[in-house]
Amino acid sequence: MNYRLPVGFVTLLIAVAGCSGVANLPSGPANQAAFSPGVLVSGRTVRSRPRDSASFQVVYTFQDSADGGNPFAGLTVDRAGNLYGTTSSGGSGYGTAFELKNTAKGYKYVVLHTFAGGSDGANPYARLMPGAGGKLYGTTVNGGGGAGTVFELLPGKAPRTERVLYAFTQSVQGANPSAGDLTIDSNGAIYGTTQYGGAYGQGTVFKLSPAKGADKEKVLYSFGANSNDGTQPYAGVTLDRAGNIYGTAALGGQGYGTVFELTPSKSGWTEQIIHTFGNVTDGGTPYAGLSFDAQGNLFGATTQGPGAGGGTFFELTPSNGTWSFNTIYSLSGWGISGEFRTAYLDPSDNIFGTTHCDGQYSSGSVYELQRSGSAYNYVDLYDFTGGTDGQYVFSNPAFDAHGNIFGTTNVGGSGYGVVWEVRAAGKTGRRHV
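Visitor: I tried to follow the overall build of the protein on my own but got confused; where do I start?
Guide: Regarding its fold elements, the protein presents zero helices and 33 strands. Considering the protein as a whole, with its 433 residues, one finds that 57% of them fall into the buried category. Contacts spanning at least 24 positions in sequence make up 48% of the contacts within the protein whose residues lie at least 6 apart. As displayed, the protein has an accessible area near 16,400 Å², and 50% of this comes from carbon and sulfur atoms.

Shown next, in the form of structure tokens:
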């Protein structure tokens, strides 16, 4: 049995028997070996889920009707514990933006916007990101000018007013912003990536600058300029304090993707390739983005490798204008089955992540890499079974103020995905209303 989701330009195909294929994801070389339930990496101890330390509950089950279905993105949590997200289908057939309002009686599901599939956009694959004044920002992979949009939802009662900030066409200005989260700087400028388009058709990094009556889009970099360059960026970008831009390209380089830095100058933006993945000890196909720690080191993840494994976590350490690459953990798994979204890095450099079709039942997992000196201990927080608890996690781990983790699955539940919560020790769950 297959779940097939028609989404215009992008078709998502996931087989229930395993994550056998996801169309339009940058498809790097992969050895689809059988799932391996465990691995011991030198210097790192694998631990199972700690008893009585965390528990799981389904917060909401999508019906693919007016509420939406098949969420392909994770969630954003505000200070009041309200959850915000998107679905790639349902509504009028082109997806929705939603809020799970945190009330005394439980979470109340509210549709913030229903995408019509035309000029307002279609099929959001990325999260809603908060901006100044209660605005929410996001992207759609289709609609707009035919190749997606950047949009904002204005504050107010649901349904909220949507304003399209930029409509992409299949052009040098970029096309099809995919799963990457938007980044908003202190001046209100918006940074993001497109998977296609640009000068070479292999994706872009773009910037939207607020202007009177409109937002002006500028391509900062077009991928595929030469045979060594990365191509098809899937994640968003990260900025440092000096305004330099960092990110990953899922393909290109040696075929398994790159980590890049963009540096501004009077003549434009210059790219430096920080690392080219070879899927040896370093892994390959980085769908996920990057995070800085307090010392200025970059952390990221690959979705496959080493070899036929389930991906890696890596650290890049700056030194005199260069970066030193180190694989800090290798996940068990098979092919392109590991970390899909940018992981969460806490102040102690513990890493929280998800896999989209690894875990005990090959249906996805939530886990923590606990730092202990220079080593990391793997703690399994939850393995999805593919039933009412959901299946296939294309979601970042999002935290509330109490340390509870929230996310989504793309299918499972009633067939169209769920919102889930992994509760911290001693916390009681809320019921959906």
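Visitor: Honestly, the environment of D185 in this entry has me stumped. Any pointers?
Guide: Topologically, D185 is positioned in the loop between strand 13 (183-184) and strand 14 (190-194). Judged by its relative accessible area of 21%, D185 is partly exposed. Considering only alpha carbons, one finds D185 and G131, 54 residues apart in sequence, at a separation of 9.4 Å. Among the polar contacts listed, one links the side chain of D185 to the side chain of Y191, at a separation of 3.4 Å.

Visitor: Is there a simple way to think about the packing of aromatic side chains in this case?
Guide: Any pair of aromatic rings gets described here by the distance separating the centres and the angle formed by the planes. A complete count under the given rule lists 33 aromatic pairs for this structure. A ring pair is formed by Y107 and F406, whose centres lie 6.1 Å apart and whose planes are at 75°; its orientation type is edge-to-face. Linking Y107 in strand 8 (residues 106-114) with F406 in strand 32 (residues 405-408), this pair joins segments that are 299 residues apart in sequence. Three or more aromatic residues link up through ring pairs in this structure, and these residues are F72, Y125, Y234, Y287, F340 and F394. Positioned over the ring face of F72 is R341, at 5.8 Å from the centre of the ring.

Visitor: Quick question: what am I supposed to make of unusual backbone geometry here?
Guide: In this model, A158 is joined to P159 through a cis peptide bond whose omega is -5°. Mapped onto the secondary structure, P159 falls in the loop between strand 11 (149-153) and strand 12 (162-167). Residue P306 is bonded to the preceding G305 through a cis peptide linkage, with omega at -5°. Look at N279: it is not a glycine, yet its phi comes out positive at around 55°. By the element assignment, N279 lies in the loop between strand 22 (268-276) and strand 23 (291-292).

Visitor: Looking at this model, I keep getting lost on the sheet that holds strand 10 (residues 136-140). Mind explaining?
Guide: Within a sheet, neighbouring strands are paired by backbone hydrogen bonds and run either parallel or antiparallel to one another. Spatially, 9-10-11-12 is the arrangement adopted by the four strands of the open sheet, whose pairing is antiparallel. Of all strands in the sheet, those bounded by a partner on one side alone are strand 9 (129-130) and strand 12. The pairing of strand 10 with strand 11 spans five bridges and is classified as antiparallel. Looking at strand 11, one finds that L136 is bridged to L153.

Visitor: Sorry, what's going on with the pairing of strand 29 (residues 365-372) here?
Guide: Regular strands have side chains that alternate between both faces of the sheet. Two strands pair when backbone bridges link them, and strand 28 (residues 351-355) and strand 29 are joined in this way by five bridges, in the antiparallel orientation. If you follow F352 over to strand 29, its bridge partner there is E368. Pairing between strand 29 and strand 30 (residues 375-383): eight bridges, direction antiparallel. Note that in strand 30 the partner of Q370 across the bridge is N377. Between the antiparallel neighbours strand 29 and strand 30 lie two residues, among them G373 with a positive phi of about 70°.

Visitor: Sorry if this is basic, but what is going on with the side chain of N244 here?
Guide: Tracing the sequence through the fold places N244 in the loop between strand 18 (238-239) and strand 19 (245-249). Residue N244 is classed as buried on the basis of its relative accessible area of 13%. In this view, N244 contacts T238, L239, E261, L262, T263 and P264; residues no more than four positions away in its chain are not counted.

Visitor: Before we go on, may I ask you to explain the pattern of salt bridges in this structure?
Guide: It is possible for side chains bearing opposite charge to pair when their charged atoms get close. By the definition in use, this model includes five salt bridges. The salt bridge involving E99 is made with K101; its shortest N-O contact spans 3.2 Å. Take K101: its relative accessible area is 33%, and that puts it in the partly exposed class. E152 serves as the salt-bridge partner of K135, at 3.8 Å between the closest nitrogen and oxygen. With a gap of 17 residues between them, K135 in the loop between strand 9 and strand 10 and E152 in strand 11 connect regions that are remote in the sequence. Connected through shared salt-bridge partners, K135, E152 and R163 make up one network.

Visitor: Explanation requested: the sheet that holds strand 8 in the structure shown.
Guide: Sheet architecture is open: four strands sit in the order 5-6-7-8, paired in antiparallel fashion. With partners counted over all chains shown, the strands left at the sheet margins are strand 5 (76-77) and strand 8, one partner each. As defined by bridge partners, strand 7 (residues 96-103) adjoins strand 8 across eight bridges and the pair is classed as antiparallel. Residue pairing across strands places E99 opposite V110, the latter belonging to strand 8.

Rules used throughout
- Residues numbered from 1 in each chain as written.
- Predicted model: local features only at pLDDT ≥ 70, side-chain atom pairs only at ≥ 80, totals over all residues.
- Heavy atoms only, no water.
- Helix = DSSP H or I, 4+ residues; strand = E, 2+ residues; numbered from the N terminus.
- Buried < 20%, exposed > 50% of the residue type's maximum accessible area, 1.4 Å probe, protein only.
- Contact = heavy atoms within 4.5 Å.
- Areas by Shrake-Rupley, 256 points an atom, 1.4 Å probe, with all protein chains shown as cover.
- Polar contact = N/O pair within 3.5 Å; in protein donor to acceptor, adjacent residues only side chain to side chain.
- Phe/Tyr/Trp six-rings, centres within 6.5 Å; stacked < 30°, edge-to-face > 60°.
- Lys NZ or Arg CZ within 6 Å of the ring centre and 35° of its normal.
- Pairing = 2+ DSSP bridges.
- Salt bridge = Lys/Arg side-chain N within 4 Å of Asp/Glu carboxyl O.

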